[in-house]
Amino acid sequence: PALRGGVMTPRSHPTWRDAGDAAGALTPARRHLLLLVARLPLAPVAVLARLCGTAGASAAYRHLDRLRATALADAIHAPLGPRLSQRLWHPTDLGLAMLGIVRGVEPAALARAYRLRRRDLLARLRRLPSLLALYRLLGALVAAVPGAPRLLDWEVPWRRSFRRIDAAARVVAR
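Residues numbered from 1 in each chain as written. Predicted model: local features only at pLDDT ≥ 70, side-chain atom pairs only at ≥ 80, totals over all residues. Heavy atoms only, no water.

Engineer: Provide a residue-level description of the packing of helix α2 (residues 28–39) against helix α5 (residues 93–103), including the pertinent values.
Structural biologist: Two elements in contact, α2 and α5, have axes separated by 11 Å at closest approach and are oriented at 115 degrees. Overall, the two elements α2 and α5 adopt an arrangement that is roughly perpendicular. Where α2 crosses over α5, the handedness of that crossing is left-handed. Between α2 and α5, the residues in contact are Arg31, Leu34, Leu35 and Ala38 and Gly95, Met98, Leu99, Val102 and Arg103, respectively. Of the residues in the contact of α2 with α5, the class split is six nonpolar, one polar and two charged. (Axes fitted to C-alpha atoms, helices over the stretch in contact; angles between N-to-C directions. Helix = DSSP H or I, 4+ residues; strand = E, 2+ residues; numbered from the N terminus. Parallel < 35°, antiparallel > 145°, perpendicular 65-115°, else oblique. Left-handed = near helix turned anticlockwise from the far one by under 90°. Contact = heavy atoms within 4.5 Å. Nonpolar A, V, L, I, M, F, W, Y, C, P; charged D, E, K, R; others polar.)

So this is what it looks like as structure tokens:
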């Protein structure tokens, strides 16, 4: 995107300068939302709105539509049943580059860490029903706690191994 009259307009091949311009032009609320979109790829708006602490889903939709207009985020329409489709959000390459600049991290490293590469997103799509159930659970947890939510960490798939006290073998929990 190029900055023209205060509005970002998409280019076919964004540059590092575009990412830097986007970082400077982004409001703190939209930057936070873009980070959530990167941390929770393919999350529905209802969950993102709760984690942002916005007044409602309509405010989150406005921010997400602005991120989409500036080519920092995009959405897929996932068919979830007969005549039921939902927009599921993910950052674009430019959005990852902008987050990389803001956080001082290479975008490729950020994509690996948050599992945002093409193959990672395709794997998430194959597990979409369980991923959406996890996001609904996260949204319910956020709604149950008073105050401003803060996402400290998120791992999907979650996997830990530990050694039981009464056994020498390790146990893997998923």
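After that view, the rundown keeps rolling.
Engineer: Residues and numbers for the packing of aromatic side chains, please.
Structural biologist: Counted by the stated rule, this structure contains one aromatic pair. With 5.8 Å between their ring centres and 25 degrees between their planes, tyrosine 135 and tryptophan 154 make a pair best called stacked. Residue tyrosine 135 is located in helix α8 (residues 128–144), and its partner tryptophan 154 is located in the loop between α8 and β6 (160–163); the two are separated by 19 residues in the primary sequence. (Phe/Tyr/Trp six-rings, centres within 6.5 Å; stacked < 30°, edge-to-face > 60°.)

Engineer: For the layout of surface pockets, give the residues involved together with the corresponding values.
Structural biologist: If you add up the space inside the largest pocket, you get close to 200 Å³. As for the largest pocket, its lining consists of 13 residues, and the residues nearest its centre are His90, Leu116, Arg117, Arg118 and Leu121. Where the lining of the largest pocket is concerned, the elements lending two or more residues are β5 (84–91), α5 and α7 (118–126). A total of four residues in the lining of the largest pocket trace back to one element, the largest contributor, which is α7. Within the lining of the largest pocket, the residues separate by chemical class into eight nonpolar, two polar and three charged. (1 Å grid on protein atoms, 1.4 Å probe; cavity = no way out; pocket = protein on both sides within 12 Å on 5 of 7 lines; lining within 4 Å. Points joined across faces, edges and corners; volume = space filled by probe spheres on them.)

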